[in-house]
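# Inside the fold
Residues per chain, in single letters:
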Amino acid sequence: PRLLSQFFFADERVTRVVAEINGLDAELDPQQYLVLLNQLHLSQAHLLTVLEQIMEECIPTQRHSRDYIVKFPEELLVGSLGNHMLFAAECLLSGTFLEVEEADRVQLRLQARNLLRSLELVRTVLREQSLNEPSAYPEPIQAVLIQFDQLFAEFELSYVSSLVAVKSPEEIYRQQEIIVLFCETVERALRLGYLTQDMIDGYEPLLMFTIPRLAIISGLLVYPDGPLSLEQTPDQMSRVFSPFYNLLKKIRDLLQVLSPEEVCQLERSLCTAE
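Where an unreviewed UniProt entry is consulted, the chain appears under the name LST2 protein, with the organism given as Upupa epops.

See below:
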């Protein structure tokens with residue numbers, strides 16, 4: 001159950017697969033080469049998972065901030081981002097990575113080299129510690145882990161920023177405004193009896209349609225100065241709503257001619273219509 005013991009066996013697995021890959025002629029046996037590459041990917045992912053648990057146990061208050069992740073596109077946050085970072089660093093160092101612009105490649109290669117060297121040092125000291133005293137994390141090991149964690153975070157941010165447009169602080173703020181709008185919409189819907197707490201606690205599937213519909217009405221009528229304010233230009237709105245700017249104006253104009261009773265009736269119908 002000790003994490004250092006788990007790390008030892010995970011590290012042994014990575015070392016064994018790498019040795020098999022190095023001893024294989026990929027041109028003579030391409031199928032086996034692909035099998036081993038997949039095994040390497042899985043074993044490295046497991047190694048990083050155990051290493052992450054060790055850092056959470058050993059240096060929980062000294063971890064490098066990962067707040068920058070909120071700037072990343074949502075599609076990047078699915079799966080093992082850390083394992084992809086490690087693969088990208090290895091490709092950059094070997095010169096086989098072509099996705100990155102030349103202007104970014106020099107700096108990224110330097111960061112990749114420092115990251116991989118730090119990882120090798122971490123693997124060495126943790127292997128030794130697992131054999132000597134697998135229940136303790138002396139200060140030198142903590143220092144090595146802190147350095148690796150920082151280098152990993154710096155490379156991750158630089159690499160992703162070189163490939164995709166990370167969200168600006170303004171876009172992040174707009175998304176937070178939308179979150180607030182949805183929360184206030186749910187609170188208002190509960191207060192007016194459109195929804196029940198049981199529906200929310202039970203993850204009623206209809207809510208996936210109901211809450212966004214009610215949020216649009218709330219954003220246009222109840223909170224007109226919020227993220228759906230049509231006093232701003234489309235490029236000032238969140239990318240979630242900016243493509244529908246003209247449609248939102250038509251909806252607002254329609255809502256403004258309805259009486260409060262008719263708005264209430266409309267909102268209730270939106271809670272039941274599929």
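Relative to the helices and strands, E156 is located in helix α5 (residues 139-163). For the buried E156, no salt bridge exists, and the shortest N-O distance to an oppositely charged side chain is 4.0 Å, to R66. Beyond its immediate sequence surroundings of up to four residues, E156 is in contact with R66, Y68, I69, F72, L81 and M85.

Looking at the chain, the domain boundaries give domain 1 (3-163) and domain 2 (169-271). The straight-line distance from the C-alpha centre of domain 1 to that of domain 2 is 43 Å.

Another point: the packing of aromatic side chains. Evaluated as defined, the whole model comprises four aromatic pairs. Centre to centre, the rings of Y68 and F72 are 5.6 Å apart; their planes meet at 50 degrees, and the pair counts as tilted. Overall, Y68 belongs to the buried group, its relative accessible area being 10%. Measuring from ring centre to ring centre gives 5.8 Å for F155 and Y159, while their planes differ by 10 degrees; the resulting arrangement is stacked. You can see F155 and its partner Y159 sitting in helix α5, four residues apart, about one turn around the helix. Grouping residues by exposure puts F155 and Y159 together as buried.

The rules behind each value
Residues numbered from 1 in each chain as written. Predicted model: local features only at pLDDT ≥ 70, side-chain atom pairs only at ≥ 80, totals over all residues. Heavy atoms only, no water. Helix = DSSP H or I, 4+ residues; strand = E, 2+ residues; numbered from the N terminus. Buried < 20%, exposed > 50% of the residue type's maximum accessible area, 1.4 Å probe, protein only. Lys, Arg positive; Asp, Glu negative; His and termini not counted. Salt bridge = Lys/Arg side-chain N within 4 Å of Asp/Glu carboxyl O. Contact = heavy atoms within 4.5 Å. Domains from an automatic or database assignment. Phe/Tyr/Trp six-rings, centres within 6.5 Å; stacked < 30°, edge-to-face > 60°.

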